[in-house]
Amino acid sequence: RLSQMFNIRSFWFWVVRTWTFNGISMGAVIINALWLFIDADYNAGNTFADTEWVFIIVDNVFCLYFLLELIIRFKAFKSVRVSLLDQWFVLDLVLVSLMILETWILQLGIYIVIGSSRSASSLEQFGVLRPLRLLRLTRITRLFKVFPQLFVLLKGVTQAMRSLVYTLMM
């Protein structure tokens, strides 16, 4: 199965299969989830123009790291078609694409349209896009791949919540 999907003699396959690469990737996912909590609570800005520099730098570092991780994982596959058959890779591709769209492309577009203007009226309309950042939390689902027991716990919590809702409805 591995030889059908991956180029098992490549350097990239070796890198992707190492515990170090996977450990660093899972650590980055957890740190990113914690950072999203900090960002949601303390970052009042909607665009780069009204955001503190520390939030901009950390967002760009995470975006660059996840892009590089995706490229390394992509290079381990035999072909593009085979890579798109891997559901975890497709999920990461979508999340990284959304992250690039939000962090680099959308911010550049806003800067081009608005310019360096920091007036509140010109930036308020972009506050609607802020909740879309929480879509990044779906990256935590990658932990289910490493720790399948978490998925069992999640299913148990879901069943308990359903029972609680039915009880409250009575």
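Structure first, text after, so check above.
In this text the structure is predicted, and so the values were computed from the model without any measurement.

K.L.:
Can you walk me through the overall build of the protein in this structure?
P.N.:
In terms of helices and strands, the protein carries nine helices and zero strands. The long-range share in the protein, meaning contacts at least 24 apart out of those at least 6 apart in sequence, stands at 72%. Of the accessible surface of the protein, which amounts to about 11300 Å², a share of 71% is contributed by carbon and sulfur atoms.

K.L.:
Hey, could you run me through empty space enclosed by the protein in this one?
P.N.:
The method is simple in principle: a probe with the dimensions of a water molecule rolls over the atoms, and the space it marks as empty is what remains. As enumerated under the stated definition, the model contains one cavity of 30 Å³ or more in all. Elements represented by at least two residues in the lining of the largest cavity include exactly α4 (53–76) and α6 (87–114). The biggest single contributor to the lining of the largest cavity is α4, with four residues. By residue class, the composition of the lining of the largest cavity is three nonpolar, no polar and five charged.

K.L.:
I tried to follow the environment of Ile38 on my own but got confused; where do I start?
P.N.:
On the secondary structure map, Ile38 appears in helix α3 (residues 19–42). Ile38 sits in the partly exposed class, given a relative accessible area of 32%. Along the backbone, Ile38 and Phe55 are 17 residues apart, and their C-alpha atoms lie at a distance of 9.5 Å. Apart from residues no more than four positions distant in its own chain, Ile38 is found in contact with Asn43 and Phe55.

K.L.:
Is there a simple way to explain the packing of α4 against α6 in this structure?
P.N.:
The angle between the axes and the distance between the axes are what describe a pair of packed helices. Contact pair α4 / α6: the axes reach a minimum separation of 10 Å and the direction vectors enclose 145°. Crossing of α4 over α6 shows left-handed handedness. For the pair α4 and α6, the contacting residues are Asp59, Asn60, Phe62, Cys63, Leu64, Phe66, Leu67, Leu70, Arg73 and Phe74 in the first and Trp88, Phe89, Asp92, Leu93, Val96, Met99, Ile100, Thr103 and Trp104 in the second. Residues belonging to the contact of α4 with α6 are distributed by class as follows: 14 nonpolar, two polar and three charged.

K.L.:
Hey, could you run me through the layout of surface pockets in this one?
P.N.:
In this structure, the largest pocket occupies an estimated 590 Å³ of space. Lining the largest pocket are 24 residues, with Val16, Arg17, Asn22, Arg73 and Lys145 positioned closest to its centre. Going through the elements one at a time, α1 (2–5), α2 (11–17), α3, α4, α6 and α8 (142–146) are the ones with two or more residues in the lining of the largest pocket. When grouped by side-chain class, the residues that make up the lining of the largest pocket number 13 nonpolar, three polar and eight charged.

Reading guide: rules and limits
Residues numbered from 1 in each chain as written. Predicted model: local features only at pLDDT ≥ 70, side-chain atom pairs only at ≥ 80, totals over all residues. Heavy atoms only, no water. Helix = DSSP H or I, 4+ residues; strand = E, 2+ residues; numbered from the N terminus. Contact = heavy atoms within 4.5 Å. Areas by Shrake-Rupley, 256 points an atom, 1.4 Å probe, with all protein chains shown as cover. 1 Å grid on protein atoms, 1.4 Å probe; cavity = no way out; pocket = protein on both sides within 12 Å on 5 of 7 lines; lining within 4 Å. Points joined across faces, edges and corners; volume = space filled by probe spheres on them. Nonpolar A, V, L, I, M, F, W, Y, C, P; charged D, E, K, R; others polar. Buried < 20%, exposed > 50% of the residue type's maximum accessible area, 1.4 Å probe, protein only. Axes fitted to C-alpha atoms, helices over the stretch in contact; angles between N-to-C directions. Left-handed = near helix turned anticlockwise from the far one by under 90°.

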